[in-house]
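Below, each chain spelled out in residue letters.
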Amino acid sequence: MAKVTLRKKACSCFSDRFLCIVGALTALLLIWVFLYSSRLNLLFFGFKTSIGPNTSHDPPEKTFYDDPDLSYSIEEPMKNWDDKRKQWLRVHPSFAAGLQERILIVTGSQPSVCKNPAGDHLLLRLFKNKVDYARLHGYEILYNNAYLHPKMDSYWAKIPIIRAAMIAHPEVEWIWWIDSDALFTDMEFKPPLERYKNHKFVVHGWPNLIYENKAKSWTSLNAGVFLIRNCQWSMDFMDVWSKMGPWTPEYEKWAKILTSTFYDKTFPVSDDQSALIYLMFTDRKKWGEKVYLEGEYYLEAYWKGVEGTLDNITKGYMKIEEGATSLRRRHAEKLSNWYGALREPYLKAKGFGFGLGTGRRPFITHFTGCQPCSGNHNPSYKGNECWTEMEKALNFADNQVLRNYGFLHKDLLSSSVHPVLFDYP
Ligand SMILES: *[C@@H]1O[C@H](CO)[C@@H](O)[C@H](O)[C@H]1NC(C)=O
Ligand SMILES: *[C@@H]1O[C@H](CO)[C@@H](O)[C@H](O)[C@H]1NC(C)=O
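Residues numbered from 1 in each chain as written. Chains lettered and ligands numbered in written order. Predicted model: local features only at pLDDT ≥ 70, side-chain atom pairs only at ≥ 80, totals over all residues.

## Topic: the overall build of the chain
Scanning the chain for helices and strands turns up 14 helices and 11 strands. Expressed as a percentage of its 425 residues, the buried residues of the chain come to 30%. (Helix = DSSP H or I, 4+ residues; strand = E, 2+ residues; numbered from the N terminus. Buried ≥ 20, exposed ≤ 12 C-beta atoms within 10 Å, placed from the backbone.)

Quick look at the structure:
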């Protein structure tokens, strides 16, 4: 009551009337905001969530998924995939933002239990490594352990799953295939997609070996790790590529052709890597020119080249951190990419290049010739070196992850970890 009389008094003065009305309106507005703040929150929240892809609704408009003749199998060629994918994206506009950078990592292993007693454990750790990398960079990851075509097993198994993944994921621009025996040894590096804007396929390899040398080597590139664009070219390419594999009657013919083409191919069967190289140089215009042969950084490094360098690399990075307060600062894992970018100028100042032995972590280390699941390895590798080097590489990568959780393996050959002290090192 007292307040009302006071207000009446104040408002009775004409010159103050305007201020008085503004004051009353402000009070009303404040009450309204207070009463409806929960609804406002909802509004803001809803606004925020609608910025990303809308996964809670599939519009009724027909897309390629509604075509009963569309097949996920490599036995049926895919036609007009670019238009089909575009049309799906038109119907699902919330997936448009960030489309060009969207990557799905695809990896996998055999359908059955490993013969090597440590095989399944190693495969689990190799998968954990890829899950860590994917989480750190916001990529999605697909693990497959079924042969989607019964005859496409071993190194041929990737083509059917990549093809099916393209159809299942029209929202991703790239599929990034990574063999089970390859692992990320630099958790901070990201593939420079901008560099590949005119290409459909990215693989680690050497153009002179493929196009210039008369004597062809089947190791002129490594098909264990590659990026392939989600487009019609890739569908056509996988169609031709897979037909050199075991599901067609042509398989035997290709074994002969490939074995006689590559001077160093000692096993007389058609394999995916020789087939890929063969297609690139026999039809360079159609296939070869769309393939970016990456050699500036290690999209995949042969493990024998990495062997014995990891402890020294750790020391080099630690030296840098000793002299850079900002790099020693503890932070949330979500901000790791930002700290990774912060490290870059220090690496450059130290002259760390992207080649092996220059001090930088190799991006991906590939244990070619070591088969964790069967336990077999190339006879030229001595004793346990495949498995000890794999253990070191796994712990080297794990250290880059565990650091954000407050722990580190001090010894790369030990599974035990130690707490990281504040302001380490
Ligand atoms: C997704 O789209 C549907 C239909 O347009 C809409 O009702 C729903 O609110 C959207 N969801 C989000 C989270 O934006
Ligand atoms: C060790 O790393 C440093 C860079 O930190 C490099 O200059 C040196 O060559 C490396 N030594 C060996 C033996 O790899």
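## Some remarks on the environment of alanine 164
If you trace the backbone, alanine 164 turns up in helix α5 (residues 158–168). Along the primary structure alanine 164 and isoleucine 74 are separated by 90 residues, whereas in three dimensions their C-alpha atoms are 8.4 Å apart. Once residues within four sequence positions are removed from consideration, alanine 164 is found in contact with Tyr72 and Leu148. (Contact = placed C-beta atoms within 7 Å.)

## Things to note about the site of ligand 2
Around ligand 2, the surrounding shell consists of Thr309, Asn312, Gly316, Gly357 and Gly359. Each residue belonging to the shell around ligand 2 can be placed in one class, and the counts come to no nonpolar, five polar and no charged. (Near = placed C-beta within 6 Å. Nonpolar A, V, L, I, M, F, W, Y, C, P; charged D, E, K, R; others polar.)

## Structural notes on the sheet that holds strand β4 (residues 182–184)
Two modes of strand pairing occur in sheets, parallel and antiparallel, and in both the strands are linked by backbone hydrogen bonds. The three strands are arranged β4-β9-β8 in an open sheet whose pairing can be described as mixed. Edge strands, defined here as strands with exactly one partner in the open sheet, are β4 and β8 (301–302). Of the strand pairs in this sheet, β4 and strand β9 (residues 364–366) are connected by three bridges, and their pairing is antiparallel. Within the sheet, the bridge partner assigned to alanine 182 lies in β9 and is histidine 366. (Pairing = 2+ DSSP bridges.)

## Quick look at the sheet that holds strand β3 (residues 174–178)
With mixed pairing, the six strands of this open sheet are ordered in space as β2-β1-β3-β6-β5-β7. Each edge of the sheet is formed by a strand with only one pairing partner; in this case those strands are β2 (140–144) and β7 (291–294). On average, each strand axis in the sheet is inclined to that of its neighbour by 25°, with strand direction left out of account. When strand β1 (residues 103–108) meets β2, the two strands line up parallel, connected through five bridges. Counterpart to valine 106 in the pairing with β2 is leucine 142. (Axes fitted to C-alpha atoms, helices over the stretch in contact; angles between N-to-C directions.)

## So, the nonpolar core
Soluble, globular proteins show a tendency: their nonpolar side chains are buried together. Membership of the largest hydrophobic core comes to 76 residues, with the highest contact counts inside it found for Val106, Ile162, Ile175, Trp176, Trp177, Phe226 and Ile364. At seven residues, the largest contribution of residues to this core is made by helix α14 (residues 385–402). When residues are assigned to domains, this core turns out to be shared by domain 1 (71–297) and domain 2 (302–409), each giving three or more. Discounting chain neighbours no more than four positions away, the residues touching isoleucine 364 are Ala182, Leu183, Phe184, Thr185, Val225, Tyr298, Leu299, Glu300 and Ala301. (Core = buried A, V, L, I, M, F, W, Y, C linked by C-beta atoms within 7 Å. Domains from an automatic or database assignment.)

## Quick notes on the packing of α5 against helix α7 (residues 232–242)
Taken N-terminus to C-terminus, the directions of α5 and α7 make an angle of 160°; their axes are 11 Å apart at the nearest point. Taken together, the axis directions place α5 and α7 in an arrangement best described as roughly antiparallel. The two elements α5 and α7 cross, and the hand of that crossing is left-handed. Listed contacts from α7 to Ile159, Ile162, Arg163 and Met166 of α5 are Ser234, Met238, Trp241 and Ser242. For the contact of α5 with α7, a count of residues per class yields five nonpolar, two polar and one charged. (Parallel < 35°, antiparallel > 145°, perpendicular 65-115°, else oblique. Left-handed = near helix turned anticlockwise from the far one by under 90°.)

## A short note on α14
Note on helix geometry: an α-helix contains 3.6 residues per turn, so any two residues three or four positions apart are oriented the same way. Between its first and last C-alpha atoms α14 spans 25 Å; for 18 residues at 1.5 Å apiece the expected length is 26 Å, and the two agree. Of all 18 residues that make up α14, 13 are buried, and the element is covered over most of its length. (Expected span 1.5 Å × (residues − 1).)

## Some remarks on the confidence of the model for the chain
Considering every residue of the chain, the mean pLDDT works out to 91; 88% of them sit at 70 or more. The low-confidence segment residues 1–14, where pLDDT is below 50, has five contacts with residues more than four positions distant or belonging to other chains. Low pLDDT, under 50, characterises residues 33–49; the stretch is placed with zero contacts to residues that sit more than four places away or in other chains. (pLDDT = per-residue confidence, 0-100.)

## Observations concerning unusual backbone geometry
The amide bond that connects tyrosine 424 to the next residue, proline 425, takes the cis arrangement and shows omega of 0°. Residue placement: proline 425 occurs in the segment after β11 (418–419). Phi at serine 154 is positive, roughly 45°, even though this residue is not glycine. The residue serine 154 is located in the loop between β2 and α5 in this model. Here serine 154 falls in the partly exposed class, since 13 other C-beta atoms lie within 10 Å of it. Here aspartate 423, not a glycine, exhibits a phi torsion of approximately 65°, which is positive. Positionally, aspartate 423 belongs in the segment after β11. Residue class for aspartate 423 comes out exposed when judged on the 10 C-beta atoms lying within 10 Å of it.

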